[in-house]
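Okay, here's what each chain looks like letter by letter:
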Amino acid sequence: MCLCWTGASMQAAERHLYVKPQGKTRMAEGVFATVQEALRHAETLVGDSVWTTIHIEPGVYWMDNPDDPDVRKPEEGENTPFGMKLRLSKTRLIGMGDTPEDVVLACNRGQTQGAMGNFTMLHITGDHIVAENLTFGNYCNVDLDYKRDPSQSRKRRADAIVQAQLIICHGDRYEARRCRFISRLNLCPFAGARHALFEDCYFECTDDALCGTGTYRHCRFTFFSSKPFYCTSPQGAVFDDCDIHTKTQGVQYLTKVSDPVTMRNCRWTSDDPNLRIEWTRKPDPKKRCLMENCTLNGKPLDVPPTPDVPMPVTTPLLPLVNQPAIAPGRWTLDAYKPKDTAEYDWNVTSDRSAWCYGEGVDGAEGCYGMIQNVRGARMIYTGRDGEQYDGQTLTVELSPCKSAGQGFGSATGQYLDLCIKFDTQTLTGYGLRFVRTPAYDHAVEVVLVEYQGGIVTPICQPEKCSLFKKGCRVTITTNANTFSAHIENGELSQHLTAPMTHPNSFGGILIQHTGSTGASATVIQSINNKYF
């Protein structure tokens, strides 16, 4: 049976499969109505040295049903939900359109937006995978504009940018030619491949996005934030004759962790006339980078290799011994999983200290104080026995490591509570909560809450807060039957107030952090408590 598209002719057969969306699957003839069916059939052909080629007619192919209201969750024992998991080798995927925009493999789910975890379109185990003339797109936070047939276009699932990924691999020799890779955070084009080659491809992404083992030849990029790589392979990622447009203002880095990158004959453009391009924030002299014959807005660009000098001395994180006992007039340092995080799959780690002292990273660089070392890190002060506490004011200076104002790694029950008038035995009192929600990617929500036996209830309307960044100062106060919080950062401030429906005479303090650690931690720089 001879099948044609735009003049190209091939024989549908056992090793030449054809995806024709308007037809019916005829497996014996090698014709399939969906890409998923063709991929599943290709799995059955793995095992010898012959290649399988899947030809795909123009259209939008949803690799996960965008209209299904169910939330995608990881399989048991895993952290990442996938649209499809495959075992493939020696397989080609070829789009039969005039351009890569004509054949779109799509999904539209991400962390907290239709999925629990960093939703990823495909997971492929195997070697020798080739993709040509295709678009791979996660349209969770990007509109799908399908010009060939506007009826197949689709608006993004949400505006707030979350981790929404494309393809994670376990294998070697992955290649893409004339392909487009579209998403934002954690793009992941063939992430995990031991060697990946991209030729004449286009990428849109924010941070932690590109394949660190990749060689990029004659490719185009649009960077929407400042660190497209988290890290690269020991051999380094390579850019050769590429065009890069960055929408970053100020400083554009290449990697979040100091790792090698080679860039030759590349042309950068930017709308910021004062943009600086650097390899990474803190260069490691052992991880050398190379730039040759590159330009920025038409002018010569020469970012020097990592200097061959000793690294600056920084204060290492100093673990603080856990102090789990709750006793009058004493501080408690431990970790705890609150009841309202039960739906999220993490447990308290008891094999290391809950808190460290040291310098923050990224947005909290240069800030020193107490830093969470495990998820659920908790700090408690218990009032003295026999004392009645009336008014109380707690002032805390904070510097989150997240620099954009989102505060935490993701909207998966990650929050920071600052509480006063607190009974540490029954977990009862009043507090201010900073929490990351799916609504924002450059801000958090703040809300006043009441604890009653460990059950937390909001006592005011949540508000958007863009002040939860380096230099954030919080003052929470009880006075008579009123509870209030004042948040300030520089010249900006925000105020919340609510009545106390259950006034008490407790004098304890609770600082509870349920977010992830490292680059998602918050530095507690100072704590000042007063009674009146």
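Here, every reference points to the structure presented above.
Residues numbered from 1 in each chain as written. Predicted model: local features only at pLDDT ≥ 70, side-chain atom pairs only at ≥ 80, totals over all residues. Heavy atoms only, no water.

J.: Before we go on, may I ask you to explain the overall build of the protein in this structure?
T.: Each helix and strand in the protein was counted, giving 1 helix and 47 strands. The globule rule puts the C-alpha radius of gyration for 532 residues at 24 Å, and the 26 Å found for the protein is close to it. For the C-alpha atoms alone, the extent of the protein along its principal axes is close to 90 × 55 × 40 Å. Here the protein, with 532 residues, has 54% of them falling under the buried criterion. Taking the intrachain contacts of the protein between residues at least 6 apart in sequence as the baseline, contacts between residues at least 24 apart amount to 63%. Taking the 54 positively charged and 60 negatively charged side chains of the protein as two groups, their mean positions are separated by 1 Å. (Helix = DSSP H or I, 4+ residues; strand = E, 2+ residues; numbered from the N terminus. Rg over C-alpha atoms; globule rule 2.2 N^0.38 Å. Buried < 20%, exposed > 50% of the residue type's maximum accessible area, 1.4 Å probe, protein only. Contact = heavy atoms within 4.5 Å. Lys, Arg positive; Asp, Glu negative; His and termini not counted. Charge placed at Lys NZ, Arg CZ, Asp CG, Glu CD.)

J.: What's the story with the sheet that holds strand β20 (residues 202–205) in this structure? I'm lost.
T.: The strands that make up a sheet pair up through hydrogen bonds in the backbone, lying either parallel or antiparallel. Across the sheet, 10 strands lie side by side as β6-β9-β14-β17-β20-β22-β24-β27-β30-β31; this open sheet has mixed pairing. This sheet does not close on itself; its edge strands, each paired only once, are β6 (59–62) and β31 (299–301). In this sheet, adjacent strand axes meet at a mean angle of 20 degrees when their direction is disregarded. Across 3 bridges, strand β14 (residues 135–138) lies against strand β17 (residues 180–182) in parallel orientation. Each bridged residue has a counterpart across the sheet, and for Gly137 the counterpart in β17 is Ile182. (Pairing = 2+ DSSP bridges. Axes fitted to C-alpha atoms, helices over the stretch in contact; angles between N-to-C directions.)

J.: Looking at this structure, how should I read the pairing of strand β22 (residues 220–223)?
T.: Within a regular beta strand, the side chains point alternately toward one face of the sheet and then the other, so they alternate between its two faces. When β20 meets β22, the two strands line up parallel, connected through 4 bridges. Paired with Glu204 across the bridge in β22 is Thr222.

J.: Quick question: what am I supposed to make of the packing of aromatic side chains here?
T.: Aromatic ring pairs are defined here through the distance separating the ring centres and the angle between the ring planes. One pass over the full model with this rule turns up 23 aromatic pairs. For the pair Phe229 and Phe239, a centre-to-centre distance of 5.9 Å together with 80 degrees between the ring planes defines the contact as edge-to-face. Within this pair, whereas Phe229 is found in the loop between β22 and β23 (237–240), its partner Phe239 is found in strand β23, the two being separated by 10 residues in sequence. With a centroid separation of 4.5 Å and an interplanar angle of 40 degrees, the aromatic rings of Tyr389 and Tyr531 are classed as tilted. Of this pair, Tyr389 sits in the loop between β36 (377–381) and β37 (392–400) while Tyr531 sits in strand β47 (residues 522–531), and the two are 142 residues apart along the sequence. Overall, Tyr531 belongs to the partly exposed group, its relative accessible area being 32%. Connected via pairs of aromatic rings, a cluster forms that spans Phe136, Tyr174, Phe181, Phe190, Phe198, Phe203, Tyr216, Phe221, Phe223, Phe229, Phe239 and Trp268. The ring of Trp51 has Arg92 lying over it, and the distance from NZ or CZ to the ring centre is 4.3 Å. Looking at Arg433, its charged tip hangs above the ring of Tyr415, at a distance of 3.5 Å from the centre. (Phe/Tyr/Trp six-rings, centres within 6.5 Å; stacked < 30°, edge-to-face > 60°. Lys NZ or Arg CZ within 6 Å of the ring centre and 35° of its normal.)

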